[in-house]
Amino acid sequence: MVEVEASPPLDLNDKASSPPHHAMSMVPNEGECAMGKRKDQGIGEPEGSRKKKKKQVATPRPACSWVHFSRDFIKEYSATHPESSGLKAATKAASDAWKLMDPEEKAKYTTRAREVWDKYLSSTPARAPKPRRQTKLVTRCSPGRLLNVLQRLTPDQKEAVKSMGFGSILGLRCRTLRRSLCLWLLERFNTVRRSLEICGERIPLTPRDVELVMGLPASGKDVVNSGSDELILELRKRYNATNRGISVRLLEERLAAPEAGEDFKRSFVLYVMGTLLCPTARLDVSPSFLHFLTNMDVLHQYNWGKFLLDRLVREISRFRQGKQLAVGGCLLFLQLFYYESVAVGAAYESAPVAFPCLFSWGEEEISEREKQEKELGGYGSGEVVCMERGLGMGSLGYKAQTDSMPLRAVEPMQELSHAQDMDDQEYEGTFTEQEHAHTDSIQGNVACAEIEVVAGSGGVPCGNIKYGCTEVVDYSKKRDHEEACAYAPRACPLQNCNVVDSSKQLSLHFSSKHWDSGRRFQYDSPLRVSLSKKETFLVLQAEKDGVLFLLSKGTQSIGHTVVITCIGPREFFLYDVVSEKGSSSLRLKSFAHSFPGKIEGLPPVDFLLVPFSYLGSSGQLDLEICIWSSTEPGSE
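Residues numbered from 1 in each chain as written. Predicted model: local features only at pLDDT ≥ 70, side-chain atom pairs only at ≥ 80, totals over all residues. Heavy atoms only, no water.

The chain appears in an unreviewed UniProt entry as RING-type E3 ubiquitin transferase from Anisodus tanguticus.

So this is what it looks like as structure tokens:
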């Protein structure tokens, strides 16, 4: 029997006489006393109901500046407000006071907290961080779900998809991700260097790799998915977008309708982004994608390869930092890139080359590849082959060479110290634009030996298919055809415009958007032009067929260089350019070679050198030019 001293009764109606809640001491009841006896006698609770004891920390972590302030404030508040209802009211008052304090007033507590924290760090031994090991892959990347939608599209809807530059997605064949492979690749993905460290080598990833694997363009203007919410307010209402995102089921319902207009295009892009190309950790589609869907006419001009790679690096970085449990980004790209970059097994019969590589991998081909990986002992047992020259040469298309195995020119993977590895993790989110450019430039260092490729009888489509070319050519002639293709991409010559399109569409673009930024001229007729001291170029557009020409002015030590190039089909136009001073004149007759648009420096063609003495009184360069409609000018 435990004797307990009884406390005097409390008047519940007298609030003033009752002590604060936090100061009251509760009297143990009879059941608690019995529990204490059982503990003293070693009789514990049942096994299933026993609670785990919290691990005791030897040295508690120091408090922050708010805690230092609230301790002093609550002590003073409780003394000056005896009528207070307890700790809750005092804490609320402390919170309100803290919000109203100026930074100068908070500095005292911030300094105190920093001093305590520094002392804690100097006296507490550093703990080695435990590496995070993922045993189960959680991802929203679902090629099977997208494939179900693609199989229901009408012919008109497929044409609409092609017009946006997403025609390669229609060739998707695989349904499932090989999650074990994706986990293996994620462990070897260096987000700082943007590379895969596999097979003893470091393989850099660039937007060009995305183009080769997924068929998405790796040139054009950057995709911007941010901006004012007011610009997409109407679109958010139309798609019932919430803070969680846009419902995938809603998009599937819209894509089930037979119409192929602008609403279908926008819904399709959102669905592809949310299920395959740029999924996030959430189930729904990010509403930020609405920012680049306000103008559906320019979708084909974006650099989707760079956007996809940037998002993949960002999502993997967030996952490693513990900010999300699911892995976002296009994991299918990583999987197919591995299949195409690493050859396994002995010699295989050559398969028709396919571009993009997305077309080569269905469930049957992937299952065969996975079987070969297991027979060799697991992933990473193959050899790295040249990606760009080995399109479509995965486990079924690679033909081994016994004499000399061509390897992709990659950086030898060096062992990193623990400190270096920690630095990489710390700076994952601070990858600079210069480092992006350096990584992209690695592609130019790829050196490959000859690989035997046998093209299929049907040939391969022209790489300019997204710009309107429908030609199917033999693989051995593909490069020559693309260089001479009338649909080869051309860039708008104006510095502040990032439009890239075929020469025909670029001509229409310049006529409608920049009609006041150039000079129109007639073939076979002289035209007088003048370039001011600060002008470095002048765009000329033919009235007959709309072909664009660029009159460029460079500066040398003794004068200006003048050259005319054609921003159009790969054909040569003859031109004359004359500069006069009194009775003297300088003349150049040459061909206007075809160039893609903006020219950095002087192209390797003929040019006219005009001395500074030929310039006008204001430093302007006066010229007379004539561009001929054929390679044989008429009699002068």
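(A) Representation of the packing of helix α8 (residues 207-214) against helix α13 (residues 331-341) in the model. Taken N-terminus to C-terminus, the directions of α8 and α13 make an angle of 85°; their axes are 10 Å apart at the nearest point. Taken together, the axes of α8 and α13 lie roughly perpendicular to each other. Of the residues in α13, those touching α8 at Asp209, Val210, Val213 and Met214 are Phe333, Leu336 and Phe337. Each residue belonging to the contact of α8 with α13 can be placed in one class, and the counts come to 6 nonpolar, no polar and 1 charged. (Axes fitted to C-alpha atoms, helices over the stretch in contact; angles between N-to-C directions. Helix = DSSP H or I, 4+ residues; strand = E, 2+ residues; numbered from the N terminus. Parallel < 35°, antiparallel > 145°, perpendicular 65-115°, else oblique. Contact = heavy atoms within 4.5 Å. Nonpolar A, V, L, I, M, F, W, Y, C, P; charged D, E, K, R; others polar.)

(B) Region of interest: the side chain of Gln541. One can find Gln541 in strand β13 (residues 537-542). On the basis of relative accessibility, which here comes to 4%, the residue Gln541 falls in the buried class. At 3.3 Å, the side chain of Gln541 forms a polar contact with the side chain of Arg520. Among the polar contacts made by the side chain of Gln541, one reaches the main-chain carbonyl oxygen of Gly546 at a distance of 3.2 Å. If we skip the residues at most four places from it in the chain, Gln541 touches Ser507, Phe510, Ser511, Arg519, Arg520, Phe521, Gly546, Val547 and Leu548. (Buried < 20%, exposed > 50% of the residue type's maximum accessible area, 1.4 Å probe, protein only. Polar contact = N/O pair within 3.5 Å; in protein donor to acceptor, adjacent residues only side chain to side chain.)

(C) Spatial organisation of the sheet that holds strand β18 (residues 608-611). Taking strand neighbours across the sheet as the criterion, the 5 strands line up as β11-β13-β14-β15-β18 in an open arrangement whose pairing is mixed. The sheet is open, and its two edges are formed by β11 (518-521) and β18, each paired on a single side. Pairwise comparison of adjacent strand axes, ignoring direction, gives a mean angle of 25° for this sheet. Contacts between helix α18 (residues 503-513) and the sheet are confined to β11, β13, β14 (548-555) and β15 (559-567), with β13 contributing the most and set at about 105° to the helix. (Pairing = 2+ DSSP bridges.)

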